[in-house]
Amino acid sequence: MSYTGDVSVGGPPDTRDLPGLTVTKLAVGPMDNNAYLLRCTATGELLLIDAANEASRLIELLGGTKLTRIVTTHRHFDHWQALPEVQQATGATGAAHPADARELPVAVTELLNGGVTVTVGDAVLGVIHLRGHTPGSIALCYDGGGALAQAPHLFTGDSLFPGGPGNTAGDAQRFNQLMDDLEERVFGPLPDGTWVYPGHGKDTTLGTERPHLKEWRDRGW
């Protein structure tokens, strides 16, 4: 069965194979968070994006393979409820943007500023800093070393969803900052074929969302 990204809490994960990388999406916890396990197809090395909840299910997902790194997309508690337990069980390195790292319940030893890269085995993901939902929210972008240049894969945390940007609590300054960053750092440089994996709910593409940017600006959320 082909990948859809439609997962539900308590249900099975959904997995897809990309050039150089396997992506597994799992929904966990009472807030229907998405956790993403990335596996380098060359080395088998694993990276987890957001140890959000249900530590036992996340550890089971590893299948006994060593987890090297856990990237937390932002500081909000629903994205790190399982982080201490998973990190303790695996010895994985904790990684986050410096503006949010101090709010996490574990020591973050790898600080991810915008523009740096994160590796999982031979696979390389670029870090995009998206301010607004939180000061240190990040997205990770994978283009397969150029093989996926017209259809990259973007893990956006809570900064971009189907239908709009992440929640900025009615704060106009934060909303405008997030929209500016999305337009300049995501919609500007990345093509319509970019696949978007959000922190909750279903996936989307930049091509699906791009026609609505003005609508989002006008409505203010």
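In what follows, the accompanying structure is described. The residue count restarts for each chain, going from 1 along the sequence in the order it is written. Local features in a predicted model are, by the rule used here, given only for residues with pLDDT of at least 70; side-chain atom pairs are given and counted only at 80 or more, and totals for whole chains, interfaces and linings are based on all residues. No hydrogens and no water enter the side-chain calculation; it runs on all heavy atoms of the structure.

Once that is clear, we can look at the overall build of the protein. A tally of regular secondary structure across the protein gives 6 helices and 15 strands. The atom set for the radius of gyration is the C-alpha atoms, and the globule formula is 2.2 Å times the number of residues raised to the power 0.38. Compactness check: the protein gives a C-alpha radius of gyration of 16 Å against a globular reference of 17 Å for 221 residues, within 12% of the reference. Its C-alpha atoms give the protein principal-axis dimensions of roughly 50 × 35 × 35 Å. Considering the protein as a whole, with its 221 residues, one finds that 52% of them fall into the buried category. Here, residues are in contact when the closest pair of their heavy atoms is within 4.5 Å. If you take every contact in the protein between residues at least 6 apart in sequence, the share linking residues at least 24 apart comes to 52%. Only DSSP runs of H or I covering at least 4 residues are called helices, and only runs of E covering at least 2 are called strands; the numbering of each starts at the N terminus. Partly exposed describes any residue whose relative accessible area lies between the buried limit of under 20% and the exposed limit of over 50%, with all areas from a 1.4 Å probe on protein chains only and scaled to the type maximum.

On to the pairing of strand β11 (residues 153-157). Counting buried residues in β11 gives 5 out of 5 residues, a clear majority hidden from the surface. By the alternation rule, side chains of β11 split into His-153, Phe-155 and Gly-157 and Leu-154 and Thr-156, which are all buried. In this analysis, strands are considered paired if DSSP registers two or more bridges between them. Pairing geometry for strand β10 (residues 138-142) and β11, over 3 bridges, is antiparallel. When the bridges of β11 are listed, Leu-140 appears paired with Phe-155. Strand direction decides the pairing type here: β11 and strand β14 (residues 195-198), joined by 4 bridges, are parallel.

To continue, consider the packing of helix α1 (residues 55-62) against helix α2 (residues 83-90). Geometry is summarised by axes, namely lines fitted to C-alpha atoms with helices restricted to the contacting stretch, and by angles between N-to-C directions that run from 0 to 180 degrees. Look at α1 against α2: their axes get within 9 Å of each other, and the N-to-C directions meet at 35°. In this structure, the crossing between α1 and α2 has a hand that is right-handed. Packed against α1, whose contacting residues are Ala-55, Leu-58, Ile-59 and Leu-62, the element α2 presents Glu-85, Val-86, Ala-89 and Thr-90 at the interface. Side-chain classes are defined by residue name, with Ala, Val, Leu, Ile, Met, Phe, Trp, Tyr, Cys and Pro counting as nonpolar, Asp, Glu, Lys and Arg as charged, and the others, Gly among them, as polar. When its residues are assigned to classes, the contact of α1 with α2 shows 6 nonpolar, 1 polar and 1 charged. For any pair of crossing helices, the crossing counts as left-handed if the nearer helix is rotated counterclockwise from the farther one by less than a right angle, and right-handed if it is rotated clockwise.

Turning next to the sheet that holds strand β2 (residues 21-28). Pairing between the strands of a sheet comes from backbone hydrogen bonds, and it takes one of two forms, parallel or antiparallel. Strand order in the open sheet formed by 7 strands is β1-β2-β3-β4-β5-β6-β7, and the pairing between neighbours is mixed. Bordering the open sheet on either side are β1 (14-18) and β7 (110-111), each of which pairs with just one other strand. Pairing analysis gives 8 bridges linking β2 to strand β3 (residues 33-40), with the strands arranged antiparallel. The partner of Thr-24 across the bridge, within β3, is Leu-37. Where α1 meets the sheet, it contacts β2, β3, β4 (46-49) and β5 (67-71), and its direction lies at approximately 160° from that of β2.

Next up on the list: the sheet that holds β14. Taking strand neighbours across the sheet as the criterion, the 6 strands line up as β8-β9-β10-β11-β14-β15 in an open arrangement whose pairing is mixed. Looking along the sheet, the strands with just one partner apiece sit at the ends: β8 (117-120) and β15 (204-205).

We now examine the pattern of salt bridges. We define a salt bridge as a side-chain nitrogen of Lys or Arg found within 4 Å of a carboxyl oxygen belonging to Asp or Glu. In this structure the tally under the stated criterion is 11 salt bridges. Arg-57 is the partner of Glu-54 in a salt bridge, and the nearest nitrogen-oxygen pair spans 4.0 Å. Among the ionic contacts, a cluster of salt bridges with common partners joins Arg-131, Asp-181 and Arg-185.

Attention now moves to the state of the cysteines. Any cysteine sulfur atom paired with another within 2.5 Å is treated as part of a disulfide. Overall, the coordinates contain 0 disulfides when judged by the stated rule. Sulfur of Cys-40: no disulfide; nearest cysteine sulfur belongs to Cys-141 and is 17 Å away. The class of Cys-141 is buried, set by a relative accessible area of 14%.

Looking now at the packing of aromatic side chains. For this analysis, a ring pair means two rings from Phe, Tyr or Trp (six-membered ring only for Trp) whose centres lie within 6.5 Å, classed as stacked if their planes differ by under 30 degrees, edge-to-face if by over 60, and tilted for the remaining angles. Under the counting rule described, the total for this entry stands at 7 aromatic pairs. Arranged with centres 6.2 Å apart and planes meeting at 65°, the rings of Tyr-3 and Trp-195 form a pair that is edge-to-face. Within this pair, whereas Tyr-3 is found in the segment before β1, its partner Trp-195 is found in strand β14, the two being separated by 192 residues in sequence. Residue class for Tyr-3 comes out buried when judged on its relative accessible area of 12%.

Any link to function would need more than the numbers given here.
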